[in-house]
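Here is how the chains run, residue by residue.
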Amino acid sequence: MAPANPMFSTPEMAAIFSPGAHVGRMLEFEAALAQAEAAAGVIPAEAAQAIAAACQVERYDVPALYRAAVPAGTLAIPLVRALTEQVAPEGRDYVHWGATSQDVIDTAMVLQMRDGLSLLIARLLDVGDTCAALAEQHRRTLMPGRTLMQQALPITFGLKAARWLGMTTRQVARLDALRREVLVVQFGGAAGTLASLGADGTRVVELLAERLGLGVPDLPWHAERDRMAEIASALGVVAGAMAKIATDLVLLAQTEVGEVSEGAAPGKGGSSAMPQKRNPVDATFALAAARLAMGAVPVVLSGMAQEQERAVGGWQAEWEALPELFLSTASAVERVWQALSGLEVDAERMRGNLDMGGGLLLAESLTMALARRVGRPEAYRLVQAAVARVREEGTTLREAALADEQIRAVVTEDEIDQALDPAGYLGSTDAFIDRALARYREVRATVQ
């Protein structure tokens, strides 16, 4: 694959999925395979030692291996050839013993994905920590809740951050489960029978998995790609979750809204033409990276329709799609964390936007106060008429309610003021924030 674009990746994830890292993981497989086979009595111990000694990625010309893979159709063929040349004479006859190209490539990818998932989980926990701090800090920071892009009811910014936190918590839990349950070794030989190892096949699989720190599958999975599809789908959901947070941040940062802004930094967020601009750069690129990540998921899912015991095209497409998916997802998570960690919250602007509609956000609250006396249908009719006067006359809902004899016949001025106090119409907000924080602490404590 081409060098990672730094605008849509992170240095750490790019290192995990670099060509050199992939070759290194393939060599790790070959060394572990030889050691496992020696432990099972399949090959001589001195042969395994010679093979392991040659499995140092620094010995190999990685770009040359990739060039040779083009006509060969797989990177494993030129690598095994080069490895054999590097191995001392006592081990050359036992290189790649009983394995097929897909065994080494798949297992190398699984090892890379294990590292990639750990990196994503660590950064998602950073996102979670930041969201948790925002949820607690802004538990009482009033702002408009918006539905269908229109102001609806009062909420708090802490509740919004708690919803981001809940979503992030679910991603951490899911990726951690996948890391523990789905990452298994691949070793099946030419057609998934390990026929070349006779009765020793399953024992070698167990020893190989133990050396690599991977799970043992029930049987080889060359053409059954549900595990890869599960991981790809999960990463697509992670990217989508980050896109949700980024979308909220972009909308809240609009000039006409102005409730949050990304932290200022030299060279960040400017315009080549307009000196006044302060663009939400991190949220913008989180959205772009998320779209790239989600776009790679169908490639992996469509590749599940594989032919017989080994695939024609579907498996090979994973070589490009999976690394790109990890890179783009990592970028989306990183950019969201950067946006949140330096976020500037304008509580006064939030309250100002809450009040700008003349109190119409509390129309439901007033309706419920009246409904206790006259029933909901009649209360809805009375408040709807008051809302119409607010819009026609440019007054406030409080003034319209106080001027309405039918409303005043039902509730007192104090009851109207109580109903129109946004801080008093937050329902279970505190409980929801507490639940999000508690669940996050629970998940965080279990993730290693």
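One can find the structure itself at the top, above this paragraph.
A. Up close: the overall build of the protein chain. Broken down by element type, the protein chain carries 18 helices and 4 strands. Rg of the C-alpha trace for the protein chain: 30 Å, well past the compact-globule value of 22 Å for 448 residues, more than 25% over. Oriented by its inertia axes, the alpha-carbon framework of the protein chain measures out at about 100 × 50 × 35 Å. For the protein chain, the proportion of its 448 residues judged to be buried stands at 50%. Look at the contacts in the protein chain between residues 6 or more apart in sequence, and 78% of them connect residues 24 or more apart. For the protein chain, the exposed area adds up to about 20,300 Å²; of that, 54% sits on carbon and sulfur atoms. Side-chain charges in the protein chain split into 41 positive and 55 negative, and the spacing between the mean points of these groups amounts to 4 Å.

B. Structural view of the packing of helix 2 (residues 19-39) against helix 8 (residues 201-212). Running from N to C, helix 2 and helix 8 cross one another at 130°; their axes reach a closest spacing of 8 Å. As far as their axial angle goes, helix 8 and helix 2 are oblique. Regarding helix 2 and helix 8, the two cross each other, and that crossing is right-handed. Contacts between helix 2 and helix 8 pair Glu-28, Phe-29, Ala-32, Leu-33, Gln-35, Ala-36, Glu-37 and Ala-39 from the former with Val-204, Leu-207, Leu-208, Arg-211 and Leu-212 from the latter.

C. Just unusual backbone geometry, in detail. At Leu-148, a position not held by glycine, the phi torsion is positive, near 50°. On the secondary structure map, Leu-148 appears in the loop between strand 1 (142-147) and strand 2 (150-156). Residue classification places Leu-148 among the exposed positions, given a relative accessible area of 78%.

D. A look at the pattern of salt bridges. If you walk through the whole model with that rule in mind, you get 25 salt bridges. A salt bridge links Arg-139 to Glu-136, with the shortest nitrogen-to-oxygen separation between them at 2.9 Å. On the basis of relative accessibility, which here comes to 43%, the residue Glu-136 falls in the partly exposed class. Here Glu-230 and Arg-174 are joined by a salt bridge, their closest N and O atoms 3.0 Å apart. Highlighted residues: Glu-230 in helix 9 (residues 226-252) and Arg-174 in helix 7 (residues 157-181), separated in sequence by 56 residues.

E. Layout of the side chain of Asp-404. Within the element layout of this structure, Asp-404 appears in the loop between helix 15 (397-403) and helix 16 (405-408). Accessibility expressed as a relative area gives 8% for Asp-404, which makes it buried. A distance of 2.6 Å separates the side chain of Asp-404 from the side chain of Arg-389, its partner in a polar contact. Here Gln-406 takes part through its backbone nitrogen, which lies 2.9 Å from a polar atom of the side chain of Asp-404.

F. A look at the packing of aromatic side chains. Scanning all chains against the criterion turns up 6 aromatic pairs. The ring of Trp-337 has Arg-123 lying over it, and the distance from NZ or CZ to the ring centre is 4.0 Å.

G. Seen up close, the environment of Thr-147. Within the element layout of this structure, Thr-147 appears in strand 1. You can call Thr-147 partly exposed: its relative accessible area is 45%. Taking the C-alpha atoms as reference points, Thr-147 and Arg-225, separated by 78 residues in sequence, lie 40 Å from one another.

Here is what the cut-offs are and how they apply
Residues numbered from 1 in each chain as written. Predicted model: local features only at pLDDT ≥ 70, side-chain atom pairs only at ≥ 80, totals over all residues. Heavy atoms only, no water. Helix = DSSP H or I, 4+ residues; strand = E, 2+ residues; numbered from the N terminus. Rg over C-alpha atoms; globule rule 2.2 N^0.38 Å. Buried < 20%, exposed > 50% of the residue type's maximum accessible area, 1.4 Å probe, protein only. Contact = heavy atoms within 4.5 Å. Areas by Shrake-Rupley, 256 points an atom, 1.4 Å probe, with all protein chains shown as cover. Lys, Arg positive; Asp, Glu negative; His and termini not counted. Charge placed at Lys NZ, Arg CZ, Asp CG, Glu CD. Axes fitted to C-alpha atoms, helices over the stretch in contact; angles between N-to-C directions. Parallel < 35°, antiparallel > 145°, perpendicular 65-115°, else oblique. Left-handed = near helix turned anticlockwise from the far one by under 90°. Salt bridge = Lys/Arg side-chain N within 4 Å of Asp/Glu carboxyl O. Polar contact = N/O pair within 3.5 Å; in protein donor to acceptor, adjacent residues only side chain to side chain. Phe/Tyr/Trp six-rings, centres within 6.5 Å; stacked < 30°, edge-to-face > 60°. Lys NZ or Arg CZ within 6 Å of the ring centre and 35° of its normal.

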